[in-house]
Amino acid sequence: MTKSRNSKILYAAFAVLMAVLGASDALRGVLAPVFKAHFALSMSQVSMVVTASYAGNFVFLFFGGKVLDRAPRKPAVLLCGLVWAAAVSLFALTDSYPCLLAGMFFALGASTLLGTAVTLTPPLLFASSPATLVNVLFFVQGIGTVSSQGIAGSRVTGFGAWRAVNVLLLCLGVAAMGVILFCRFPQKSAAVKRVPPVKVRVNRTFLAMLLIFGFYFIAEHGVMNWLVSYAMSEFSLPQGTAAGYTAAFFACVMGGRFLFGPLTDRLGVFRCMKLFSAAAAVLYAAGVLLGAGGLWLLAASGVFFSILYPTLVFSVSLLWPAEVSSGVCGTLLSVASLAEIGFNAGFGRLVDLAGFRTSFWIMPLSMAACAVLLFLLCKRKSGARA
């Protein structure tokens, strides 16, 4: 197999895997009412389902990012895929709340680390337009996210159906990893093994990016995890209709990545992040301010969320040397996920005390903080190559 053909096949397998991971990750929020009804959970216990997933996110990224810098990329990808498959098998074969929590811990942790490894590989496979290729992968992930939210959110109303969906995702994920197993990966430089730990932790840019990722996670994942419950509780919408708004948000994310992904190479990474974060914050806040009538605005804000996360991840390779970028990225994402862990651990309790409408304002305010910090960071980095 020629190098060019190998790269194309590997990239296609990555695309299928990203779609499967997107579908799998999206289910925990849109099906929260199913878990609540099946196990007779309080809102605080529902919060623990989401919190367990982000605790796994933290553990896997904190330790796994450093492993990605040192270990051969192919074994690392396959090992992450194996852990993810085992966690999804737990969903498919068990029927207990503790197993659900354990599955969430390992599934999202392995999925996020796997997605990070996949995202950092295209620049090694293709020399031209690497940022666009990364956004295409996240566009495909969005297809999986929207499909699972749109179909599962309206049709999966029982725990048995949830288990069946996981069997389907498991089969697709294993098939993609089977293709990856027979593909060649690009070799990494020997310099990767000489990573000075201080570069990962000590500088103002790292602290700024840490806060940006933390606020961004709360804002975007708040839609994925809590919009269905918010719309059902606050506005008495049926599950299918509420899930439709979540699916519309991620459909806008998906469409935005398809339409605007090339802008990251044409207009510049930092300029795009400033413009899109500001627009996302404005629409998000307007959607919450207008209540039930503003849910469509909240969904439409997904257009401006679209390129932010993949571009933020890609920007790490512009702000740090290539030989430490995986470690920096893993550390950033893992430590930033602590913000999500704290947020989700307390959000259910806050809803019980203050109500959904008041509590939900945390999300648009987090997006606004993310935008402000991006403007400040980009002002400091105005001389960097975008």
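Residues numbered from 1 in each chain as written. Predicted model: local features only at pLDDT ≥ 70, side-chain atom pairs only at ≥ 80, totals over all residues. Heavy atoms only, no water.

### Side note on the overall build of the protein chain
Thought 1: Secondary structure assignment for the protein chain yields 19 helices and 0 strands.
Thought 2: Taking all contacts inside the protein chain whose residues are at least 6 apart in sequence as the whole, residues at least 24 apart take part in 86%.
Thought 3: Total accessible area on the protein chain stands at roughly 14900 Å², and carbon and sulfur atoms take up 70% of it. (Helix = DSSP H or I, 4+ residues; strand = E, 2+ residues; numbered from the N terminus. Contact = heavy atoms within 4.5 Å. Areas by Shrake-Rupley, 256 points an atom, 1.4 Å probe, with all protein chains shown as cover.)

### What about the environment of G256?
Thought 1: Residue position: G256 is located in helix α11 (residues 239–260).
Thought 2: G256 sits 46 residues away from G302 along the chain, and the two C-alpha atoms are 7.6 Å apart.
Thought 3: Beyond its immediate chain neighbours, meaning those up to four positions away, G256 contacts G261, V303, S306 and I307.

### What about the side chain of N166?
Thought 1: Locating N166 in the fold gives a position in helix α8 (residues 159–181).
Thought 2: Taking relative accessible area as the criterion, N166 reaches 0% and is therefore assigned buried.
Thought 3: What N166 contacts, discounting residues up to four positions off in sequence, is V88, F91 and A92. (Buried < 20%, exposed > 50% of the residue type's maximum accessible area, 1.4 Å probe, protein only.)

### Things to note about the packing of helix α10 (residues 204–235) against α11
For any two helices packed against each other, the geometry comes down to the angle between their axes and how far apart the axes lie.
Thought 1: Between α10 and α11, the least distance of the axes is 8 Å, while the angle of their chain directions is 160°. If you check the angle between α10 and α11, you find them roughly antiparallel. The way α10 lies across α11 gives a crossing that is right-handed. The segment α10 lies against α11, with E220, V223, M224, L227, V228, A231 and M232 engaging Q239, A242, A243, Y245, T246, F249 and F250. (Axes fitted to C-alpha atoms, helices over the stretch in contact; angles between N-to-C directions. Parallel < 35°, antiparallel > 145°, perpendicular 65-115°, else oblique. Left-handed = near helix turned anticlockwise from the far one by under 90°.)

### Regarding the side chain of H221
Thought 1: If you trace the backbone, H221 turns up in helix α10.
Thought 2: Other than its neighbours up to four places away in sequence, H221 contacts Y54, Y216 and E340.

### Comments concerning the nonpolar core
Thought 1: In this structure, W162, M209, F213, W226, Y284 and M367 are the most contacted members of the largest nonpolar core, which totals 129 residues.
Thought 2: Take this core: its biggest share by element is 18 residues, from α10.
Thought 3: M209 has contacts with L312, S315, V316, L319, W320, L332 and L377, leaving out every residue within four places of it along the chain. (Core = buried A, V, L, I, M, F, W, Y, C linked by side-chain atoms within 4.5 Å.)

### Section: α10
Thought 1: A bend of about 60° at W226 is the largest found in α10.
Thought 2: By the criterion of burial, α10 is predominantly enclosed, with 25 of the 32 residues buried.
Thought 3: At the C-terminal side of α10, S236 shows a positive phi close to 55°. (Bend = angle between axes of the 7 residues up to and from the residue.)

### Description of the packing of aromatic side chains
The relative placement of two aromatic rings is captured by the distance of their centres and the angle of their planes.
Thought 1: Within the structure shown, the criterion is met by 26 aromatic pairs.
Thought 2: Seen in terms of ring centroids, F159 and W162 are 6.4 Å apart; in terms of plane orientation they differ by 45°. Their pairing is tilted. Note that F159 and W162 are positioned in helix α8 at a spacing of 3 residues, about one turn of the helix. Of the two residues examined, F159 and W162, each falls in the buried class. (Phe/Tyr/Trp six-rings, centres within 6.5 Å; stacked < 30°, edge-to-face > 60°.)

### Quick notes on the packing of helix α1 (residues 3–30) against helix α2 (residues 32–39)
Thought 1: Packing of α1 against α2 brings their axes to within 5 Å, and their N-to-C directions diverge by 55°. When the interaxial angle is binned, α1 and α2 end up oblique. Listed contacts from α2 to R28, G29 and V30 of α1 are A32, P33 and F35.
Thought 2: Grouping the constituent residues of the contact of α1 with α2 by class yields 4 nonpolar, 1 polar and 1 charged. (Nonpolar A, V, L, I, M, F, W, Y, C, P; charged D, E, K, R; others polar.)

### Digging into unusual backbone geometry
Thought 1: For A40, which is not glycine, the phi dihedral falls at a positive 55°.
Thought 2: Its location among the elements puts A40 in the loop between α2 and α3 (43–70).
Thought 3: Looking at A40, the relative accessible area reads 64%, which means it is exposed.
Thought 4: Residue S236 is not a glycine yet carries a positive backbone phi of 55°.
Thought 5: With respect to the element layout, S236 can be found in the loop between α10 and α11.

### Details of α8
Because an α-helix packs 3.6 residues into every turn, residues spaced three or four apart end up facing the same way.
Thought 1: In a regular helix each residue adds 1.5 Å, so 23 residues correspond to 33 Å; α8 covers 33 Å between its end C-alpha atoms and thus fits that length.
Thought 2: The set of residues buried in α8 consists of F159, W162, N166, L169, L170, G173, A176, M177 and I180.
Thought 3: Buried residues along α8 sit in contact with α1, α2, α4 (73–93) and α5 (97–119). (Expected span 1.5 Å × (residues − 1).)

### Some remarks on the confidence of the model for the protein chain
Thought 1: On average, the protein chain scores 83 in pLDDT, and the residues at 70 or more come to 90%.
Thought 2: The least confident element of the protein chain, judged by mean pLDDT, is helix α9 (residues 197–201) at 48; the most confident is helix α14 (residues 295–300) at 94. (pLDDT = per-residue confidence, 0-100.)

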